[in-house]
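Single-letter residue listing:
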Amino acid sequence: NDLAVQKKKIEEVETWLKMHVFQRQPKQGGSVLLLTGPPGCGKTATIQILAKDLGIQVQEWTNPISLDFTKEDLRNMFGHDSNFHTFPSQAQAALFQDFLLRANKYNKLQMLGESSENDKKLILIEDIPNQFYRDPSSLHGILRRFVRTSRCPLIFIISDNFSGDSNQRLLFPTEILEELCIYNISFKPVAPTNMMKVLNRIAATEASMNREKNYALDRTSLELLCRGCSGDIRSAINSLQFSSMKDCSLEKEFWSRKKRSSTLKCEAAAVSKGRKSKSDTSEDQEIQAIGGKDASIFLFHALGKIIYCKREPVSEPEFPQLPAHLSEYRRDTLLIQPEDIVEKSHMSGSMFNLYLHQNYVDFFSDIDDVVRASEYLSTADVLCSNWSTRLVMEKYSASVATRGVIHSNTSRAFAHPQGGMGFRPLHKPQWFFINKKYQENCLAAKSLFSSFCLPPECLQTELLPYLAMLANPMRNQAQIAFIQDVGRLPLKRHFGRLKLEALTDKDPGIPDLFVSSEGDRADVHAMETAVQTEKNRTNENESDGFPLSSSQCSGSELPCSQPQPVAAQAVMEEDELKIEEYDSD
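First things first, this report covers the structure right here in the doc. Worth saying up front: this structure is predicted, and the values here are computed from it rather than measured. (Residues numbered from 1 in each chain as written. Predicted model: local features only at pLDDT ≥ 70, side-chain atom pairs only at ≥ 80, totals over all residues. Heavy atoms only, no water.)

**Considering the pairing of strand S3 (residues 121–125)**
When you tally the buried positions in S3, you get five out of five residues, the bulk of the element. Along S3, one buried face is formed by Lys121, Ile123 and Ile125 and the opposite face, lined by Leu122 and Leu124, is buried too. With three bridges joining them, S3 and strand S4 (residues 154–159) adopt parallel strand pairing. Its bridge partner being in S4, isoleucine 123 is matched across the sheet by leucine 154. (Buried < 20%, exposed > 50% of the residue type's maximum accessible area, 1.4 Å probe, protein only. Helix = DSSP H or I, 4+ residues; strand = E, 2+ residues; numbered from the N terminus. Pairing = 2+ DSSP bridges.)

**What about the packing of aromatic side chains?**
Throughout the structure, instances matching the rule amount to 10 aromatic pairs. Between the aromatic rings of tryptophan 61 and phenylalanine 96, the centroid separation amounts to 5.4 Å while the plane-to-plane angle is 85 degrees, which identifies the pairing as edge-to-face. In this pair, tryptophan 61 sits in strand S2 (residues 57–61) while phenylalanine 96 sits in helix H4 (residues 92–105), placing the two residues 35 residues apart along the sequence. Judged by its relative accessible area of 6%, tryptophan 61 is buried. The exposure class assigned to phenylalanine 96 is buried, which follows from its relative accessible area of 1%. Consider the rings of phenylalanine 449 and phenylalanine 482, whose centres lie 6.2 Å apart with planes at 45 degrees: the pair is tilted. Of this pair, phenylalanine 449 sits in the loop between helix H19 (430–448) and helix H20 (456–468) while phenylalanine 482 sits in helix H21 (residues 477–486), and the two are 33 residues apart along the sequence. The burial state of phenylalanine 449 is the same as that of phenylalanine 482; both residues are buried. Each member of the aromatic cluster is reached from another via a ring pair, and the members are Trp61, Phe96, Phe99 and Phe132. (Phe/Tyr/Trp six-rings, centres within 6.5 Å; stacked < 30°, edge-to-face > 60°.)

**Here's the deal with the packing of helix H9 (residues 192–209) against helix H11 (residues 233–243)**
Viewed as axis vectors pointing N to C, H9 and H11 meet at an angle of 30 degrees, and their least axial separation amounts to 11 Å. Between H9 and H11 lies a crossing whose hand is right-handed. Residue-level contacts link Met195, Val198, Leu199, Ile202 and Ala203 of H9 to Ile233, Ala236, Ile237 and Leu240 of H11. For the contact of H9 with H11, the class distribution of residues is nine nonpolar, no polar and no charged. (Axes fitted to C-alpha atoms, helices over the stretch in contact; angles between N-to-C directions. Left-handed = near helix turned anticlockwise from the far one by under 90°. Contact = heavy atoms within 4.5 Å. Nonpolar A, V, L, I, M, F, W, Y, C, P; charged D, E, K, R; others polar.)

**Considering helix H18 (residues 390–408)**
For H18, spanning 19 residues, the distance from its first C-alpha to its last is 25 Å, which sits close to the expected 27 Å at 1.5 Å a residue. Residues of H18 that are buried sit in contact with helix H14 (299–308), strand S6 (311–312), strand S7 (333–334), helix H15 (338–344), helix H16 (349–359) and helix H17 (367–383). (Expected span 1.5 Å × (residues − 1).)

**What to know about the side chain of threonine 44**
Turning to its location among the elements, threonine 44 is positioned in helix H2 (residues 43–54). Excluding anything up to four places from it in sequence, threonine 44 contacts Glu126 and Ile157.

**Brief notes about the environment of leucine 448**
Tracing the sequence through the fold places leucine 448 in helix H19. Accessibility expressed as a relative area gives 11% for leucine 448, which makes it buried. As for leucine 448 and phenylalanine 482, which are separated by 34 residues in sequence, their C-alpha atoms are 8.6 Å apart.

**A short note on unusual backbone geometry**
For residues other than glycine, phi is negative in most cases, and the peptide bonds are mostly trans. Despite not being glycine, histidine 346 has its phi angle at roughly 55 degrees, a positive value. Tracing the backbone shows histidine 346 in the loop between H15 and H16. For cysteine 453, which is not a glycine, the phi torsion comes out positive at approximately 55 degrees. Tracing the sequence through the fold places cysteine 453 in the loop between H19 and H20.

**Digging into the environment of valine 13**
Turning to its location among the elements, valine 13 is positioned in helix H1 (residues 7–22). For the pair valine 13 and lysine 43, spaced 30 residues apart in sequence, the C-alpha separation works out to 9.9 Å. When near neighbours in sequence (up to four residues on either side) are disregarded, valine 13 contacts Leu35, Ile47, Leu50, Ile185 and Phe187.

**Structural notes on the packing of H4 against helix H6 (residues 136–149)**
Close contact between H4 and H6 brings their axes to 11 Å; oriented N to C, the two are set at 10 degrees. Taken together, the axis directions place H4 and H6 in an arrangement best described as roughly parallel. Contacts from Ala93, Phe96, Gln97, Leu100 and Asn104 of H4 reach H6 at Leu139, Ile142, Arg145, Phe146 and Thr149. Split into classes, the residues belonging to the contact of H4 with H6 amount to six nonpolar, three polar and one charged. (Parallel < 35°, antiparallel > 145°, perpendicular 65-115°, else oblique.)

**A look at the nonpolar core**
Core analysis: the biggest nonpolar cluster contains 31 residues, and Leu303, Tyr355 and Leu356 have the highest contact counts within it. Elements with a minimum of two residues in this core: H14, H15, H16, H17 and H18. Counting residues per element, this core draws most heavily on H14, which supplies seven residues. Among the nonpolar cores identified, the runner-up in size contains 27 residues, and Leu34, Ile123, Ile125 and Cys152 belong to it. (Core = buried A, V, L, I, M, F, W, Y, C linked by side-chain atoms within 4.5 Å.)

**What about the pattern of salt bridges?**
Throughout the structure, instances matching the rule amount to seven salt bridges. Here aspartate 98 ties to arginine 102 by a salt bridge, and the two come within 3.0 Å at their closest N and O atoms. Remark: arginine 102 and aspartate 98 occur in helix H4; sequence separation between them is four residues, near one turn of the helix. Among the residues examined, aspartate 98 registers a relative accessible area of 35% and is labelled partly exposed. Salt-bridge contacts for glutamate 339 lead to arginine 403; the nearest nitrogen and oxygen are separated by 2.8 Å. Placement of glutamate 339 in helix H15 and of arginine 403 in helix H18 is noted, with a sequence separation of 64 residues between them. (Salt bridge = Lys/Arg side-chain N within 4 Å of Asp/Glu carboxyl O.)

Limitation: the analysis is restricted to geometry and does not speak to function.
Printed below as a string of structure tokens:
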């Protein structure tokens, strides 16, 4: 009851634990749970409290940090002849595998005072060995062996962040989650209302117990704390403890200055607006509390704030009106600052513009508005066209794109738009799929036609269309399939719209293709995949039940030995034209 976590998340974790601990079948496979979420949202506390409440033992892995060295070991390591090759330690991965084996096979030692009736347990992994971040496949191999022989559930806890470099996608890609049937529960940042209740309860308890050391903070100070910790309950409690100490005159002066400035701002806002504003800008203008964290927004919500662009009604005498010939540009005051939204999404300006360009059309109702918005997006794209100034101009590009799209949408120009706009799904940019296909084609062309010694772009735009028009016999099936895919444009079929992939509220902005740390190994793997795909295309084309698996869906089939002749070549064969041989001068 004291947890600041959403009740639905607690019930979901409790249901999973009961199903895989108390209702576990004798021959049931491995039960692996993955808890993800930002730091300080109650993942570990939820597991520990539920396990204690259900009477389940928790065996937790911690990375070994201290090694027992003898004087002889140190003398050998730092001697004149030493090259540090004799390091007396064992790899963390081997220790981790041994821990999983022992924890799965044996129960915990019964300590004095503990009852021997409870033999239910779970294995908790929060401190993952660093070696697995460099080589995730070694962790996957260990998990496959554990799943085959497991006798108790295994729980991983990973704290993710708002940027694209997610540890979850590195250690637990989608393929592994599906293969090993890993159940994923994602926690969200603690809501301000829940955090306020927790801080009030802690402050009241501490003030009653240690009045000589601590003093109770008022509501304004607690609100500053909640606002500055960005949903991190751990950071909020630490800041509360630090700011409640009586013997720190500096902190007391700091807090009194904060409360005074916050009170003045609240009074000024009440006088000017006459009501409480929902503006995000008023929160950003507040001084962050002690231990404050940078505010972050998931990409899904950041896009929604830009596209829905909520506004505040403006009274007539408050602002001067535009002249009659500019009345079409009249807008109510925005409740957001677009530049702050882009910054809090932790994405580059060009990448944010990519998502905005994919989704803005569905929220417009007038074609003239779409024309204006597309012009702003084109201008923003030009600002980032020069690679030497791209890093500097990205902020300006994002500002032009976001404010241009917001201003162009006349249906949302005022606080109370005509006709309600219901929820509409957001999608990932098609550019990701097209760029991935382009890179696969480049790798495949470079591998299949390496004897021509040409760059991949020249191979696909100059050589392969030329080879597709020749009757030159080619025995390599992969080369034939690739020429059929890339070398010809379809003449009989219409291009279909690419399938859109939905964007969810927890999706990172940058796909796996662009965040691979092992670049060379990823290129080799992608090349092997592309070549294998081209080799399999011939078999797919021969079967009647499957459509052509290519990027352009060519309208003609190729024979087994060579590309299919084009129309001009067929005419030559019909007329049986003879070319006489002659000797050159």
